[in-house]
Amino acid sequence: MSSKPVQLHPTGMMLSDAQWASVNQTISTLDPKQMIWVSGYLAGLAQSGAAVAPVAQPESDSVATLTILFGSQTGNAKGVADEYKAKAIAAGFAVNLVSMADYKPRQIKNETHLLVIVSTHGEGEAPDDAVELHEFLGSKKAPKLASLKYAVVGLGDSSYEFFCQTGKDFDQRLAALGATSLFERLDCDVDYDGQVSTWSEAITEKLKGELAASNTSSHVVSLPGVNTATVASVYTKKHPFPATLSESLKITGRDSVKDIRHIEISLEDSGIQYQPGDALGVWFSNDETLVEELLTLLQLDAQEQVKVAEDSLTLKQALVDKFELTQSYPKFIEALAAVNVDGKLAALVADKKALREYLADRQIIDVVRDFPAALTSNQLLDALRAITPRLYSIASSQAEVEDEVHLTVALVEYDAFGHPHQGGASGFLANRLQEEQTVKVFVEHNDNFRLPQNPDTPVIMIGPGTGIAPFRAFMQQRQADDAEGKNWLFFGNPSFTQDFLYQTEWQALVKDGVVDKVSLAFSRDQEQKIYVQHRLLEQGEEVFAWLEQGAHLYVCGDANQMAKDVEQALVDIVVKYGNKSESDAKQYITELRKAKRYQKDVY
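What you see is a predicted model, and the numbers here were worked out from it, not measured in a lab.

Procedures and definitions
- Throughout, a residue's number is its position along its own chain's written sequence, starting from 1.
- With the structure being a predicted model, the display of local features is reserved for residues of pLDDT at least 70 and the display and counting of side-chain atom pairs for 80 or more, all residues being used for whole-chain, interface and lining totals.
- With hydrogens and water set aside, each side-chain value is computed from the structure's full complement of heavy atoms.
- Going along the chain from the N terminus, every DSSP run of H or I of four or more residues is numbered as a helix, and every run of E of two or more is numbered as a strand.
- A 1.4 Å probe rolled over the protein chains alone gives each residue an accessible area, and that area as a share of the maximum for its type sets the label: buried under 20%, exposed over 50%, partly exposed in between.
- Any two residues having at least one pair of non-hydrogen atoms within 4.5 Å are treated as being in contact.
- Values of accessible area rely on a 1.4 Å probe in the Shrake-Rupley scheme; residue burial ignores everything except the protein chains shown.
- Under this definition, polar contacts are N or O atom pairs within 3.5 Å; protein pairs additionally need one hydrogen-donor-capable and one acceptor-capable atom, and for neighbouring residues in sequence, both atoms have to be side-chain atoms.
- Strands are labelled as partners when DSSP assigns at least two bridges between them.
- Fitting a line to C-alpha atoms yields each axis, with helices limited to the stretch in contact; the angle taken between N-to-C directions then spans 0 to 180 degrees.
- Salt bridges are defined as contacts in which a side-chain nitrogen from Lys or Arg sits within 4 Å of a carboxyl oxygen from Asp or Glu.
- Side-chain rings of Phe, Tyr and Trp, where Trp is taken by its six-membered ring, are said to pair if the distance between their centres is within 6.5 Å; with planes under 30 degrees apart they count as stacked, over 60 as edge-to-face, and otherwise as tilted.
- A residue's pLDDT is simply how confident the predictor is in it, with values from 0 to 100.
- What makes a patch is a set of residues exposed beyond 30% relative accessible area and free of salt bridges, joined within 9 Å when like-charged and within 5 Å when nonpolar (Val, Leu, Ile, Met, Phe, Trp, Tyr).
- Note on charges: Lys and Arg go in the positive column, Asp and Glu in the negative column, and His and the chain ends are not counted at all.
- Here the site of a charge means NZ on Lys, CZ on Arg, CG on Asp, or CD on Glu.
- Left-handed is the label given to a crossing in which the near helix is rotated counterclockwise from the far helix by less than a right angle, and right-handed is the label when the rotation is clockwise.
- Nonpolar residues are Ala, Val, Leu, Ile, Met, Phe, Trp, Tyr, Cys and Pro. Charged residues are Asp, Glu, Lys and Arg, and all others, Gly as well, are polar.
- Picture the helix axis, draw a direction to every C-beta atom, and the arc is the one those directions span.

**So, the overall build of the protein**
For the protein, the helix and strand inventory stands at 23 helices and 21 strands. Taking all 603 residues of the protein together, 48% fall into the buried category. Considering only intrachain contacts with a sequence separation of at least 6, the fraction spanning at least 24 residues in the protein is 76%. Just so you have it, the protein exposes about 29,500 Å², and 49% of that area is on carbon and sulfur atoms.

Structure follows, in structure tokens:
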């Protein structure tokens, strides 16, 4: 009896094409820690000679599949999608989870059941990985979708004018193409866990009537000496690691207009793995002095016992650890207006534009100072948002720092309305957290901000201010890998003498031949302000030459102004040196993004 010969793949693995494709598909869904576990599991399985029962396949290829598409700028939408995938599988559904960045838009005509989970970025814009699908569904090329049933979850921040706009866009465009909504769109504010949990239960019940449970089963082999529970444990947003602050060092000069800190945190004994391009989520506590003033203004007892979720604690401790106080938001104003007889507050709530302008620089304490009211502890807590962690681009590579993680943090500090103000997380990291004290952290993986797989590929990095953080990690990694690809940094800040972050490190990287070019833009060192986009334009011919040679281009930093100005500069460069029209130049940039050669980490 003859059989089809097994191909020897370039990896040296004796696998058939189908097996190799299946392995690659599985690996693409795993994070580094999961890959380590799988590696050990398979090695142990081979040594023990144990067999794994095959996974039963659906009885028919026509079993309906639930496709979950996520578009995520910071990782929140991906987190919601991952959690719902697990719930859907537990309910017996056949599930396909895909990033919009990896999804072919024309495939949507073949879907029968679709969940769209997407954040809104900037001023109502789609996140980078959702742009192509978002544009496709709004174009003349989009197909009719009469056979599609869908539901949409939008993530956003109600403080912004275009709250959950991208989710609204997807909902409207799918409906316009003839698709049928399974469930009313869910628009989530920043503290979305409760909303998503309720939605998950409801949509699962709805889908049980739509999807035949896939007839699958799995069998897990227990291997001697392998503690699968321990190996599989992962620190997450909901289950952070209690890390230790090792160092907090100011890295701007005495006369700088900025206070920027280099933060080092020990991850010892956590097993946490991260890659250059990832972010670190940091849970923080509010300033106790701020909390005490708030309680005094509201005439509330700091020691009153309250319940928050499953925790029983004092009102003061609840405000320190559980609620958002350093940002203000419409929900709080609306609750305050309900108990405050001041007509000005009611008028403010009615005027959305005026309300956004009022909230722009104010914290909760400022609102209470302006509109004092008698609130019970329960009314206060119901009016506040749950505290949410802040995400910081990681400024280190584990190839260099091993079980540490480094951050570059700008202290948010300003005087307004007659009082000093500080940011919640930045004030916590820079001032309130002392060395050797504990900070709860987790890694937010960002597969949309990665070094090229080919170490010979040129890299252009544009990172003014704290946007330099991930590029420090990139260069540590490339140096450790002995990568041959050229590296070019564009960096800007107010002053050369006060604000050249990690100056000696970058000089050493240039001296060692790791970095080929550094283009600097110090805005206040001359009469006319110069920014990174100006340096790009000045060296546009060489920038375009690098892009034509296959360079990957990265932008990190301010989303509202810098990133837009940089993108326009890139379009102008392609017009001038690529001899293209404006529309063709924009398409050139779009193609770079589709090929993952133009990646942004902006905030």
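**A few points about the side chain of Arg472**
Considering the arrangement of structural elements, one finds Arg472 in helix H17 (residues 469-480). Here the side chain of Arg472 touches Ala395 through a polar contact of 2.7 Å, landing on its backbone oxygen. Residues in contact with Arg472, not counting those within four places in the same chain, are His262, Ala395, Ser396, His406, Tyr502, Glu505 and Trp506.

**Considerations on the sheet that holds strand E7 (residues 241-250)**
Read from one edge of the open sheet, six strands run E12-E9-E16-E7-E8-E13, paired in antiparallel fashion. Lying at the two open borders of the sheet, with one neighbouring strand each, are strand E12 (390-393) and strand E13 (404-410). With direction set aside, neighbouring strand axes in the sheet form an average angle of 40 degrees. Where E7 lies against strand E16 (residues 438-444), four bridges are found, and the strand directions are antiparallel. Its bridge partner lying in E16, Pro242 is registered against Lys440. This element, helix H16 (residues 424-432), spans E7, strand E8 (260-266), strand E9 (279-282), E12, E13 and E16 of the sheet and lies at about 65 degrees to E12.

**Here we look at the pattern of salt bridges**
With the rule as written, the count across this model stands at 29 salt bridges. In this structure, the salt-bridge partner of Glu505 is Arg472, at a minimum N-O distance of 2.8 Å. One end of the pair, Glu505, is in helix H19 (residues 503-511); the other, Arg472, is in helix H17, with 33 residues separating them in the sequence. Taking relative accessible area as the criterion, Glu505 reaches 31% and is therefore assigned partly exposed. Judged by its relative accessible area of 7%, Arg472 falls in the buried class.

**With respect to the pairing of E13**
Most of E13 sits inside the fold, with five of its seven residues counted as buried. Summarising the sheet, E8 and E13 pair through seven bridges and their orientation is antiparallel. Its bridge partner being in E13, Arg261 is matched across the sheet by Val409.

**Side note on the packing of aromatic side chains**
With the rule as written, the count across this model stands at 16 aromatic pairs. Taking 5.4 Å as the distance between ring centres and 55 degrees as the angle between the ring planes, the aromatic pair formed by Tyr84 and Trp199 counts as tilted. Residue Tyr84 is found in helix H3 (residues 76-90), and its partner Trp199 is found in helix H6 (residues 193-208); the two are separated by 115 residues along the sequence. Residue class for Tyr84 comes out buried when judged on its relative accessible area of 1%.

**Re the confidence of the model for the protein**
The share of residues in the protein with pLDDT of 70 or more is 86%, and the mean pLDDT across the chain is 87. Across residues 213-233 the pLDDT falls below 50, and counting only partners more than four positions away or on other chains, this stretch makes 29 contacts in the model.

**A word on a negative patch on the surface**
Judged by side-chain charge, Glu268, Asp269, Glu400, Glu402 and Asp403 come together as a negatively charged surface patch. The topology assignment puts Glu400 in helix H15 (residues 398-401).

**Notes on the packing of H17 against H19**
Two elements in contact, H17 and H19, have axes separated by 12 Å at closest approach and are oriented at 35 degrees. Considering how the two elements wind past one another, H17 and H19 form a crossing that is left-handed. Residue-level contacts link Phe471, Arg472, Met475 and Gln479 of H17 to Glu505, Trp506 and Leu509 of H19. Residue classes in the contact of H17 with H19 are distributed as four nonpolar, one polar and two charged.

**Focus on unusual backbone geometry**
The backbone of Cys164 shows a phi angle near 55 degrees, a positive value even though the residue is not glycine. Note that Cys164 resides in the loop between strand E4 (149-155) and helix H5 (165-176). Unusually for a residue other than glycine, Asn579 sits at a positive phi of about 55 degrees. Topologically, Asn579 is positioned in the loop between helix H22 (562-577) and helix H23 (582-594). The class of Asn579 is exposed, set by a relative accessible area of 71%.

**Regarding helix H21 (residues 540-548)**
Those residues of H21 lying buried are Gly540, Val543, Phe544, Trp546 and Leu547. Axial view of H21: buried residues confined to an arc of 155 degrees, hence all on one face. For H21, exposure combined with an orientation more than 90 degrees from the buried face picks out Glu541 and Glu548.

**Remarks on the sheet that holds strand E18 (residues 487-493)**
A sheet is described by the order of its strands in space; here five strands give the open sequence E19-E18-E17-E20-E21, paired in parallel fashion. Strand pairing shows two members of the sheet lacking a second neighbour, strand E19 (517-522) and strand E21 (598-602), which therefore form its edges. Here the average twist between neighbouring strands, direction ignored, is 10 degrees. Strand direction decides the pairing type here: E18 and E19, joined by six bridges, are parallel. Bridge pairing links Phe490 to Ser519 in E19.

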